[in-house]
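Per-entry structural report
Chain residues, written in single-letter form:
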Amino acid sequence: MSAVVALDVGGTLMKAAVVDSDGHVLGNDFRPTPVERAADGVVSYAAEVAARVPNAVAVGLVVPGLVDEDSGIVHYAANVGLQDVPLRDLAQQRLGMTVSLGHDVRAGGLAEGLFGAARGVDDFLFLPIGTGIAGAIFVGGVPYAGALGQGGEIGHAPVLPNGDLCACGQRGCLETYASASSIARRYAQQGGPPGTSTPDIVNRAATGDLIARRVWADAIAALSCALATYTMLLDPELVVIGGGLADAGDALIQPLNEALVGRLAWRDPPALVTAGLGSSAGTFGAAILAWRAVGFGDAGVNWRLF
């Protein structure tokens, strides 16, 4: 039976899966993302995984940043080290098979909309929070990329004028206060033990650590500010929160919902839920793109088995 290789390139890890045409995940793998010589590292990893799969017919490759899915070019992915790279063509030349390139968050949102927490919902925001923060906007059941393919960069929406400097060069970005990596960084900067993980900081906030409480409160305030703006502009039915920070569960959803209610004086907020596919949403989305690229529509693959 034929299979595809799905590769989700994140700021910290590259995650691979082999998925057959019945929707079975035949295998998983991962390794650290190579920020130096990133393009060669990503393509080499895809080739290595594909070489283990003699029945592979396509590769789905999803990356963060500014991705032109039509041309196959990654224009800018700061957390990965890619800039103006024709990644799809490089991968196709190396692998000798069809490669579909997509934006990691839009692909994850596609998977959540078809099979996860947003199934049956036409208007929603998929918001993974991990090393960075980005969003996938779905309007009328269709992903919206914007005029230049840059829609959804909610992580770089300003939430605090003249706030902290972001890695992107702007100030006061949501990502600077509420990404998992920024929460850990700010906790250490404000006097917490260096190297404390974000899950530990969330736990410490719940058990009375004043620095953790302050950093976590700042993250919730920043997220609620960004989501209030998004809600007023696009009126989503649902916000699906994914990425590593979603593992905080009610410790995230409950205070975030309360903060968002407080910012929306005359209307109800959209429902807030954690991702149904967890950290695998991007990988599943890459598999969907790969199967579509070789002519399988969503009805042609028994995705229910995911």
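Quick look at the structure, then. This structure is a prediction, so every number in the text was calculated from the model and none was measured.

Thresholds, definitions, all that
- Residues numbered from 1 in each chain as written.
- Predicted model: local features only at pLDDT ≥ 70, side-chain atom pairs only at ≥ 80, totals over all residues.
- Heavy atoms only, no water.
- Helix = DSSP H or I, 4+ residues; strand = E, 2+ residues; numbered from the N terminus.
- Rg over C-alpha atoms; globule rule 2.2 N^0.38 Å.
- Buried < 20%, exposed > 50% of the residue type's maximum accessible area, 1.4 Å probe, protein only.
- Areas by Shrake-Rupley, 256 points an atom, 1.4 Å probe, with all protein chains shown as cover.
- Lys, Arg positive; Asp, Glu negative; His and termini not counted.
- Charge placed at Lys NZ, Arg CZ, Asp CG, Glu CD.
- Arc of directions from axis to C-beta.
- Contact = heavy atoms within 4.5 Å.
- Pairing = 2+ DSSP bridges.
- Axes fitted to C-alpha atoms, helices over the stretch in contact; angles between N-to-C directions.
- Salt bridge = Lys/Arg side-chain N within 4 Å of Asp/Glu carboxyl O.

1. Quick look at the overall build of the protein
Across its full length, the protein carries nine helices and 13 strands. Taken over C-alpha atoms, the radius of gyration comes to 19 Å for the protein, in line with the 19 Å a tight globule of 306 residues would show. Viewed in the frame of its principal axes, the protein has a C-alpha envelope of about 55 × 40 × 35 Å. Within the protein, the fraction of its 306 residues that count as buried is 50%. Counting every atom, the protein has about 13300 Å² of accessible surface; 52% of that belongs to carbon and sulfur. Averaged over its 18 positive side-chain charges, the protein has a centre that lies 5 Å from the centre of its 29 negative ones.

2. So, helix H2 (residues 87-95)
Where H2 is concerned, the buried positions are Leu87, Arg88, Ala91 and Leu95. Seen from one end, H2 has its buried residues packed into an arc of 100°, which puts them on one side. Buried residues in H2 make contact with helix H1 (38-51), strand E4 (56-63), strand E6 (73-77), strand E7 (82-85) and strand E8 (98-103). Once H2 ends, the next one or two residues include glycine 96, with phi positive near 70°.

3. Here's the deal with the sheet that holds E6
Reading across the sheet, the three strands line up as E5-E6-E7 and stay open at both edges, with antiparallel pairing between neighbours. Looking at strand neighbours, the two that pair on one side only are strand E5 (66-68) and E7, the edges of this open sheet. Pairs of neighbouring strands in the sheet enclose a mean axial angle of 15°, with direction left out of account. Of the strand pairs in this sheet, E5 and E6 are connected by three bridges, and their pairing is antiparallel. Paired with leucine 66 across the two strands is tyrosine 76, which belongs to E6.

4. Here we look at unusual backbone geometry
Even without being a glycine, aspartate 84 presents a positive backbone phi close to 50°. Relative to the assigned elements, aspartate 84 resides in strand E7. For asparagine 162, which is not glycine, the phi dihedral falls at a positive 60°. By secondary structure assignment, the location of asparagine 162 is in the loop between strand E11 (142-144) and helix H4 (174-178). Residue classification places asparagine 162 among the exposed residues on the basis of a relative accessible area of 73%.

5. Things to note about the pattern of salt bridges
Counted under the stated rule, the structure contains 10 salt bridges. In this structure, aspartate 40 engages arginine 37 in a salt bridge whose closest nitrogen and oxygen atoms are separated by 3.3 Å. Exposure remark for aspartate 40: the relative accessible area of 34% places this residue in the partly exposed category. Judged by its relative accessible area of 66%, arginine 37 falls in the exposed class. A salt bridge links aspartate 235 to arginine 267, with the nearest nitrogen and oxygen atoms 2.9 Å apart. Of this pair, aspartate 235 sits in the loop between helix H7 (210-234) and strand E12 (238-242) while arginine 267 sits in the loop between helix H8 (250-263) and strand E13 (271-274), and the two are 32 residues apart along the sequence.

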